[in-house]
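Chain by chain, the residues run as shown.
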Amino acid sequence: MINSIKFENFRNLDGKYSFKNVLNVVIGKNNSGKTNILEGIKLAFSSITNDYFRILKSDFKDSIDSNAIKITVELKNDSIPSFNFFDEDKNKQCGFTVSIRKTQSGRYIKNVTLLNGSPIDIDIIRDDPKIPNLYFIPLIRIEDIYTAGLSTGISTFIESEEKYKELKNESKKVIKEELGTKTKKFKELCGKFNQNLDIELTDPKITNEKVYIVDGKSEHNFNIGAGYKSIANIMLNTLDEKFNIILIDEIENHLHPALIRTLIRELRNVTNTIIISTSHSPVVINEIGVEEIIDISRKNIYEQLDKTVLTKINTFLHPGRNELMLADNIILVEGYTEEILLKYYLKDNNYNWTVVNVAGVMFEPYIELATLLGKKTIVISDNDKALSEGLEKSSRFKKLINICNKKSIKIIEVENTLETDLFNNKFLTNCENLLKKHDKHPEIFIAREKRKMDIVQKIIEENVDLSKWHVIKEIDDEFKSN
């Protein structure tokens with residue numbers, strides 16, 4: 001349904017965000033505006049459904065309410081027919097703009113128009129059967145879900161207690177029959193999470209029935225964990241026949257990683273629904289494709305990456321490497337020994353550096369992604385001198401230098417290999433049993449076969465001070481302002 005939403009003067013948001021998939025995940029630092037995107041969408045659609053959304057001065061950018069808030073929603077054609085129109089070139093378009101301004105009396109008023117500025121009759125819009133349901137889900141302990149309706153009781157209008165009980169029982173029976181198909185689908189979904197959850201009702205009040213979740217045939221739901229309540233709430237909101245917009249603030253809250261994976265896979269299969277969520281979780285990022293990720297400051301990542309790079313990132317990004325998307329200061333290394341050694345140093349010195357192991361020599365896609373996200377990045381790589389006859393830097397390393405220079409990224413050169421560099425800089429003493437001379441270049445010492453990890457372990461166990469190592473010093477100099 002939603003193609004894109006553009007914000008102007010709404011809180012700290014400025015610019016256009018596209019939503020191309022069933023599932024869309026917004027990432028960014030705390031206080032960067034992720035939740036504001038969800039609330040901006042809620043504000044836009046509440047303007048056409050007449051749902052309550054209180055406007056405050058703080059909703060205006062820098063709390064300056066002399067400038068209007070403007071939210072532009074581009075929709076797929078015919079998704080809400082009342083918002084269809086033809087532009088000057090006779091092309092059909094669909095969407096609306098919500099403007100919020102301050103009146104002379106100090107009140108804030110909303111105005112809804114078509115994308116071309118044409119006025120609309122809001123009452124006609126609200127009668128459009130294709131107006132979507134919108135659910136905002138902070139994943140907290142959600143005990144109950146209520147149907148809409150009057151709160152006025154009817155018992156005082158019934159002539160006897162017996163008649164009232166009879167009416168309640170009949171009402172409950174009818175409601176359960178109406179819920180039958182949805183209940184079956186809900187139970188099937190919960191079965192995929194290894195849970196025997198069901199939908200039940202309290203005694204109906206004719207117009208204000210309470211719907212709640214029970215564990216199997218239990219009489220109440222207090223023994224259901226917060227994670228499963230969260231999942232149940234999301235799934236219930238996907239069962240409506242109308243189109244649903246589900247906004248989830250931090251989809252990972254209360255959820256075990258295994259549940260996150262199952263939930264995301266199930267959400268991709270829902271119909272008539274678009275889901276927009278925020279997240280800080282590497283597990284969530286690992287489970288979704290780059291095309292489903294929206295960086296709060298740089299919008300849609302996939303639109304700005306080369307297709308080949310995008311394919312590599314989707315193939316090789318995993319929970320260890322995808323921390324790159326969430327980090328401030330990134331160190332890209334090519335092997336496990338470098339990763340372990342640097343993480344040991346970071347742990348002891350509490351530096352705000354994130355080490356990402358690219359596993360081999362495939363630096364380029366990660367450099368592209370880090371640059372796109374505006375991350376402060378350092379690359380550490382062996383120059384592989386011992387691979388050549390004349391002890392020259394390898395062509396791979398030379399190419400990597402050129403890539404880093406073009407991206408203005410600091411590259412730290414390690415002499416031949418990590419072990420050679422540490423030995424040359426006198427950080428490996430009494431390691432004769434772990435090192436050997438290179439076959440072609442005896443002046444170069446390298447790790448014996450299958451002993452690389454033993455060298456790292458020895459450094460850690462002996463608490464070797466690496467603060468004077470040129471690699472650490474160069475990293476520290478590069479990141480000292482961060």
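Use the structure listed above.
Positions within a chain are numbered from 1, following the residues in the order the chain's sequence is written. For this predicted model, a pLDDT threshold of at least 70 governs which residues receive local features, and a threshold of 80 or more governs which side-chain atom pairs are given and counted, while totals over whole chains, interfaces and linings are taken from all residues. By convention in this description, side-chain values take in all heavy atoms of the structure and omit both hydrogens and water.

Novice: Tell me about the overall build of the chain, and please be specific about residues and values.
Specialist: Tallying secondary structure elements over the chain gives 14 helices and 21 strands in all. Contacts between residues were defined by any pair of non-hydrogen atoms, one from each residue, lying within 4.5 Å. Residue pairs in contact within the chain that sit at least 24 positions apart in sequence constitute 69% of those at least 6 positions apart. For the chain, the accessible area works out to roughly 24700 Å², and carbon and sulfur atoms hold 47% of it. Each helix corresponds to a stretch of at least 4 residues labelled H or I by DSSP, and each strand to a stretch of at least 2 residues labelled E; elements are numbered beginning at the N terminus. Here the open area of atoms and residues is found with the Shrake-Rupley method and a 1.4 Å probe, where only the protein chains shown may cover a residue.

Novice: Could you give an account of the pattern of salt bridges, with specific residues and numbers?
Specialist: A carboxyl oxygen of Asp or Glu within 4 Å of a side-chain nitrogen of Lys or Arg is what we treat as a salt bridge. Taken as a whole, this structure holds 20 salt bridges when the rule is applied. For Glu39, the salt bridge goes to Arg11, with nearest N and O atoms at 2.4 Å. Linking Glu39 in helix 1 (residues 34–49) with Arg11 in the loop between strand 1 (2–10) and strand 2 (13–18), this pair joins segments that are 28 residues apart in sequence. Here Glu419 ties to Lys452 by a salt bridge, and the two come within 3.0 Å at their closest N and O atoms. Pair noted here: Glu419 is in helix 12 (residues 418–424) and Lys452 is in helix 13 (residues 452–461), with a separation of 33 residues, a long-range link. A single network of salt bridges, built from pairs that share partners, joins Arg11, Glu39 and Asp59.

Novice: So what's going on with the packing of aromatic side chains? Residues and values would help.
Specialist: Two aromatic rings from Phe, Tyr or Trp, using only the six-membered ring of Trp, form a pair when their centres are within 6.5 Å; if the ring planes differ by under 30 degrees the pair is stacked, by over 60 it is edge-to-face, and anything between is tilted. Applying the stated criterion across every chain yields a total of nine aromatic pairs. Look at Phe7 and Phe10: their rings are 5.9 Å apart centre to centre, the planes differ by 25°, and that puts the pair in the stacked class. Each member of the pair, Phe7 together with Phe10, is buried. Here Trp353 and Phe479 contribute two aromatic rings whose centre-to-centre distance is 5.9 Å and whose plane-to-plane angle is 55°, an arrangement assigned as tilted. Of this pair, Trp353 sits in the loop between helix 9 (336–349) and strand 17 (354–357) while Phe479 sits in helix 14 (residues 470–479), and the two are 126 residues apart along the sequence. Just as Trp353 is buried, Phe479 falls in that class too. Members of the aromatic cluster, connected to one another through ring pairs, are Tyr345, Tyr351, Trp353 and Phe479. A cation sits over an aromatic face here: Lys42 above Phe136, 5.4 Å from the ring centre. The buried label applies to any residue whose accessible area, calculated with a 1.4 Å probe on protein chains only, is under 20% of its type's maximum; exposed applies above 50%, and partly exposed to all values in between. Here, over-ring charges are defined by two tests on the NZ atom of lysine or the CZ atom of arginine: distance to the ring centre within 6 Å, and angle to the ring normal within 35 degrees.

Novice: Before we move on, could you go through helix 14 and cite the residues and values that matter?
Specialist: Turning to helix 14, its buried residues are Val471, Ile472, Ile475 and Phe479. When helix 14 is viewed along its axis, its buried side chains cluster within an angular range of 95° and face the same direction. Looking at the buried positions of helix 14, the neighbouring elements they touch are strand 16 (329–333), helix 9, strand 18 (376–382) and strand 19 (410–414). Along the arc lie the directions from the helix axis toward the C-beta atoms.

Novice: Can you break down the pairing of strand 13 (residues 273–278) residue by residue, with the values?
Specialist: Counted residue by residue, strand 13 has six buried out of six residues, so it is predominantly covered. Whether two strands pair comes down to DSSP finding at least two bridges between them. Note: strand 12 (residues 244–249) against strand 13, five bridges, orientation parallel. Its bridge partner being in strand 13, Leu247 is matched across the sheet by Ile276. Crossover strand 12 to strand 13 through helix 6 (residues 257–267) is right-handed. Here is how to tell: hold the view so the strands point away, follow the path from the first strand over the helix to the second, and if it runs clockwise the crossover is right-handed.

Novice: Hey, could you go over the environment of Arg268 for me, with residue numbers and the actual values?
Specialist: Note on placement: Arg268 falls in the loop between helix 6 and strand 13. Through-space distance from the C-alpha of Arg268 to that of Ile288 is 9.9 Å; in sequence the pair is 20 residues apart. Side-chain polar atoms of Arg268 contact the backbone oxygen of Glu287, separated by 3.0 Å. Any pair of N or O atoms that falls within 3.5 Å is considered a polar contact. Within protein, one atom must be able to donate a hydrogen and the other to accept it, and sequence-neighbouring residues count only if both atoms are side-chain atoms. Within the structure, Arg268 has its side chain in polar contact with the side chain of Glu292 (distance 2.9 Å).

Novice: Give me the pairing of strand 19: which residues, what numbers.
Specialist: Put simply, side chains in a regular strand alternate between the two faces of the sheet. Across five bridges, strand 18 lies against strand 19 in parallel orientation. Looking at the pairing, Ser381 lines up with Glu413 of strand 19. In the classification by handedness, the crossover that spans strand 18, the intervening helix 11 (residues 395–406) and the parallel strand 19 is right-handed.

Novice: Which residues make up unusual backbone geometry, and what values do they have?
Specialist: Phi at Asn9 is positive, roughly 65°, even though this residue is not glycine. Looking at the element boundaries, Asn9 is found in strand 1. The buried category is assigned to Asn9, whose relative accessible area is 16%. In this structure, Asp62 takes a positive phi of about 55° despite not being glycine. You can see Asp62 is positioned in the loop between helix 1 and strand 4 (69–75).

Novice: Before we move on, could you go through the side chain of Ser381 and cite the residues and values that matter?
Specialist: Within the element layout of this structure, Ser381 appears in strand 18. Assessed through its relative accessible area of 1%, Ser381 is described here as buried. There is a polar contact of 3.1 Å between the side chain of Ser381 and the side chain of Glu334. Aside from chain neighbours lying at most four places away, what touches Ser381 is Glu334, Phe363, Arg396, Phe397, Leu400, Ile412, Glu413 and Val414.

Novice: Kindly report on helix 6, identifying the contributing residues and their values.
Specialist: Here helix 6 has its buried residues at Leu259, Ile260, Leu263, Ile264, Glu266 and Leu267. Projected down its long axis, helix 6 shows its buried positions confined to an angular sector of 160°, all on one face. In this fold, the buried residues of helix 6 make contact with strand 3 (23–27), helix 4 (180–191), helix 5 (226–236), strand 13 and helix 7 (282–287).

Novice: For a nonpolar patch on the surface, give the residues involved together with the corresponding values.
Specialist: Patch membership requires more than 30% relative accessible area and the absence of a salt bridge. Residues of like charge join within 9 Å; the nonpolar side chains Val, Leu, Ile, Met, Phe, Trp and Tyr join within 5 Å. Taken together, the side chains of Tyr336, Ile340, Met453 and Ile460 define a hydrophobic patch exposed on the protein surface, amounting to about 350 Å² of accessible area. When residues of the nonpolar patch are traced back to their parent elements, those giving at least two are helix 9 and helix 13.

Novice: Run through the environment of Ser99, naming residues and quoting values.
Specialist: Tracing the backbone through its elements, the reader meets Ser99 in strand 6 (residues 92–102). Accessibility expressed as a relative area gives 24% for Ser99, which makes it partly exposed. In sequence terms Ser99 and Ile69 are 30 residues apart; their C-alpha atoms lie 5.6 Å from each other. Not counting chain neighbours up to four residues away, the residues in contact with Ser99 comprise Ile69, Lys70, Ile109, Lys110 and Asn111.

Novice: Quick one: what's the story with the sheet that holds strand 19, residue by residue and with numbers?
Specialist: Spatial strand order, 17-16-18-19: four strands in an open sheet with parallel pairing. Of all the strands in the sheet, just strand 17 and strand 19 have a single pairing partner and so form its edges. Each adjacent strand pair in this sheet contributes to an overall mean axis angle of 25°, direction not counted. Here strand 16 runs beside strand 17; their pairing, made up of four bridges, is parallel. Bridging across to strand 17, Ile331 finds its partner in Val355. In this analysis an axis means a line fitted to C-alpha atoms, helices contributing only their contacting stretch, and an angle means the value between N-to-C directions, from 0 to 180 degrees. Sheet contacts for helix 9: strand 16, strand 17 and strand 18; angle to strand 17, the most-contacted strand, approximately 170°. Against the sheet, helix 11 engages strand 18 and strand 19, with an angle of about 170° to strand 18.

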